[in-house]
Amino acid sequence: MEDRTKLLIELMQKTIEHKDEQIRELRETLKNLQTTVASLNETIEEFRRKFFGSSSERSRRKNVEPEKEEETEKVTVKSYQRDRKPKSTREELYKNLPVREVRCPMPEGKRLCPDCDTPMEPISRQYVREELSIIPAKVERIRYLQEVLACPVCRKEDEGTIVKAPAPTALLAHSPASPSMVAYVMYQKFMNSVPFYRQEMDWLQKGAPLARETTANWCIKCALTYFRPVYDLLHKYLLQREILHADETVCQVLHEKSRSIKVLYVDLSVRQRRASGNHPV
């Protein structure tokens with residue numbers, strides 16, 4: 001009987017110890033989960049601040065464990081006044097645009113004095129309002145007609161003398177391209193990022209069916225004919241320099257301490273170019 005009692009007591013002690021161990025593990029697991037939740041909350045707040053808040057705004061982090069409130073010191077900040085930049089007037093905004101005045105005359109039937117029927121005289125013009133107007137692009141055919149002169153005296157003597165007036169040189173031989181057309185195509189392609197196939201539809205609406213291959217060839221030929229000499233001349237002057245400086249500065253956005261600002265210096269001395277025999281671009 002005593003042996004059985006001792007056995008039961010030992011079993012109860014082992015059971016209690018096992019439960020205590022499980023309780024300790026559960027507490028440790030709970031602590032780890034609380035730490036993970038706190039870390040995730042901080043991550044969520046950081047994402048909210050980056051996506052929805054300003055970069056200078058400080059995110060409010062929630063405390064996992066209650067802590068004692070720290071004593072804060074009140075500081076009085078002096079108020080200041082800031083000069084607000086005045087808004088630009090219409091005259092300043094549109095000063096580079098040409099001005100066309102539209103005069104509003106009095107109808108003929110109302111130019112007589114309503115009291116004595118005497119013809120009234122203009123004394124001034126009053127400003128009413130101003131509006132912006134745009135002239136849409138249009139395509140027109142410019143046909144050059146060269147004047148031809150002939151001498152009547154030489155014609156009588158069977159010696160025809162014919163002189164032709166000088167005519168402007170074509171931008172591209174055997175092509176309807178004009179400087180304004182090619183400049184407009186290049187502006188749309190390289191400044192407004194309008195591809196050639198969309199320009200093709202636009203030209204068709206304007207009544208000038210131009211294939212995308214045609215406008216692309218215009219850009220290529222004009223670049224090689226008119227822009228390449230300028231590029232070669234600038235490149236020649238560039239290679240005559242002994243030292244070139246290429247600024248490859250990495251822009252600091254978040255002011256990260258681990259990211260440094262690098263500046264690349266390219267040395268193109270005359271000796272190195274002569275020794276290598278090549279010219280780096």
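Chains are numbered independently. Their residues run from 1 in the order of the written sequence. Restriction of local features to residues with pLDDT of at least 70 applies here, the model being predicted, together with a cutoff of 80 or more for giving and counting side-chain atom pairs; totals for whole chains, interfaces and linings are based on all residues. The side-chain figures draw on all heavy atoms in the structure; neither hydrogens nor water molecules are used.

Concerning the overall build of the chain
Our working definition: The way it works is that DSSP assigns letters per residue, a run of H or I at least four long becomes a helix, a run of E at least two long becomes a strand, and they are numbered from the N terminus. Working definition: with a 1.4 Å probe on protein chains only, accessible area under 20% of the residue-type maximum means buried, over 50% means exposed, and in between means partly exposed. Areas reported here follow the Shrake-Rupley algorithm with a probe of radius 1.4 Å; residue values treat only the protein chains shown as occluding.
Counting its secondary structure elements, the chain contains seven helices and four strands. Along the chain, helices and strands appear, N-terminal first, in the series α-α-β-α-β-α-α-α-β-β-α. A buried classification covers 10% of the 281 residues belonging to the chain. About 28300 Å² of surface is accessible on the chain, with carbon and sulfur atoms providing 54% of the total.

Points about the nonpolar core
For clarity, the cut-off: Put simply, buried Ala, Val, Leu, Ile, Met, Phe, Trp, Tyr and Cys residues joined by side-chain atoms within 4.5 Å make one nonpolar core. Between two residues, a contact is recorded if the distance between any of their heavy atoms is within 4.5 Å.
By size, the foremost hydrophobic cluster in this structure holds 14 residues, and its most contacted members are Leu172, Val182, Trp218 and Cys222. With residues up to four places along the chain from it excluded, the contact list for Cys222 reads Leu171, Leu172, Val182, Met186 and Phe227.

Considering helix H4 (residues 179-191)
Residues spaced three or four apart along an α-helix face the same direction, because each turn holds 3.6 residues. For clarity, the cut-off: What a helix should span is 1.5 Å times the count of its residues minus one. It is the directions from the helix axis to the C-beta atoms whose arc is reported.
Taking 1.5 Å per residue, 13 residues should reach 18 Å; H4 reaches 17 Å between its end C-alpha atoms and fits that length. All of the buried residues along H4 are Met181, Val182, Val185, Met186 and Gln188. What you see down the axis of H4 is that its buried residues fit within an arc of 165 degrees, all on one side. Among the exposed residues of H4, those oriented more than 90 degrees off its buried face are Pro179, Ser180, Phe190 and Met191. On its buried face, H4 is in contact with helix H5 (196-205) and helix H6 (212-239). Remark: Ser193 follows H4 within two positions and exhibits a positive phi of approximately 55 degrees.

Comments concerning the state of the cysteines
Applied cut-off: Throughout, a disulfide means two cysteine sulfur atoms within 2.5 Å of one another.
Inspection of the entire model under this criterion finds zero disulfides. Its sulfur unpaired, Cys113 is 3.8 Å from the next cysteine sulfur, which belongs to Cys116. By relative accessible area, which is 16% here, Cys113 ends up buried. Lacking any disulfide linkage, Cys219 is separated from the closest cysteine sulfur, that of Cys222, by 7.4 Å. With a relative accessible area of 6%, Cys219 lands in the buried category.

Quick notes on the packing of H5 against H6
Rules: Helix axes use the C-alpha atoms of the stretch in contact, all axes being lines fitted to C-alpha atoms, and the angles between their N-to-C directions lie in the range 0 to 180 degrees. For any pair of crossing helices, the crossing counts as left-handed if the nearer helix is rotated counterclockwise from the farther one by less than a right angle, and right-handed if it is rotated clockwise. Only Asp, Glu, Lys and Arg are considered charged, only Ala, Val, Leu, Ile, Met, Phe, Trp, Tyr, Cys and Pro nonpolar, and every remaining residue, Gly among them, polar.
Direction vectors running N to C along H5 and H6 enclose 115 degrees, while the axes themselves pass 8 Å from each other. In the packing of H5 onto H6, the handedness of the crossing is right-handed. Contacts from Phe196, Tyr197, Glu200 and Trp203 in H5 reach Arg212, Thr215, Ala216 and Cys219 in H6. Partitioning the contact of H5 with H6 into residue classes produces five nonpolar, one polar and two charged.

Topic: the packing of aromatic side chains
Basically, it comes down to this: In summary, the pairing rule links any two rings of Phe, Tyr or Trp, Trp by its six-membered ring, whose centres are within 6.5 Å, and it sorts them by plane angle into stacked for under 30 degrees, edge-to-face for over 60 and tilted for everything else.
In this structure the tally under the stated criterion is one aromatic pair. Note on Tyr184 and Trp203: the rings are 5.6 Å apart at their centroids and 65 degrees apart in plane angle, and the pair reads as edge-to-face. Highlighted residues: Tyr184 in helix H4 and Trp203 in helix H5, separated in sequence by 19 residues. Given the relative accessible area of 28%, Tyr184 is considered partly exposed. Taking the relative accessible area as the measure of exposure, Trp203 reaches 4% and is therefore buried.

A few points about the environment of Thr118
Relative to the assigned elements, Thr118 resides in the loop between helix H2 (90-93) and strand E1 (148-150). The contacts of Thr118, once residues within four sequence positions are left out, are Arg111, Leu112 and Cys113.

Overview of the confidence of the model for the chain
Let me state the cut-off plainly: For every residue, the predictor states its confidence as a pLDDT score lying anywhere from 0 to 100.
On average, residues of the chain carry a pLDDT of 81, and 78% of them reach 70 or more. Per-element mean pLDDT across the chain ranges from 44 in strand E4 (residues 264-267) up to 95 in H4.

Here's the deal with the pattern of salt bridges
Note the cut-off: When a carboxyl oxygen of Asp or Glu is within 4 Å of a side-chain nitrogen of Lys or Arg, the pair counts as a salt bridge.
Inspection of every chain in the model, using the stated rule, returns seven salt bridges. A salt bridge links Glu21 to Arg24; the nearest nitrogen and oxygen atoms lie 2.4 Å apart. Here the residue Glu21 and the residue Arg24 both occupy positions in helix H1 (residues 2-52), the gap between them amounting to three residues, near one helical turn. For Glu21, a relative accessible area of 34% corresponds to the partly exposed category. When the shortest N-O distance is used, the salt bridge between Arg129 and Glu131 registers 2.6 Å.

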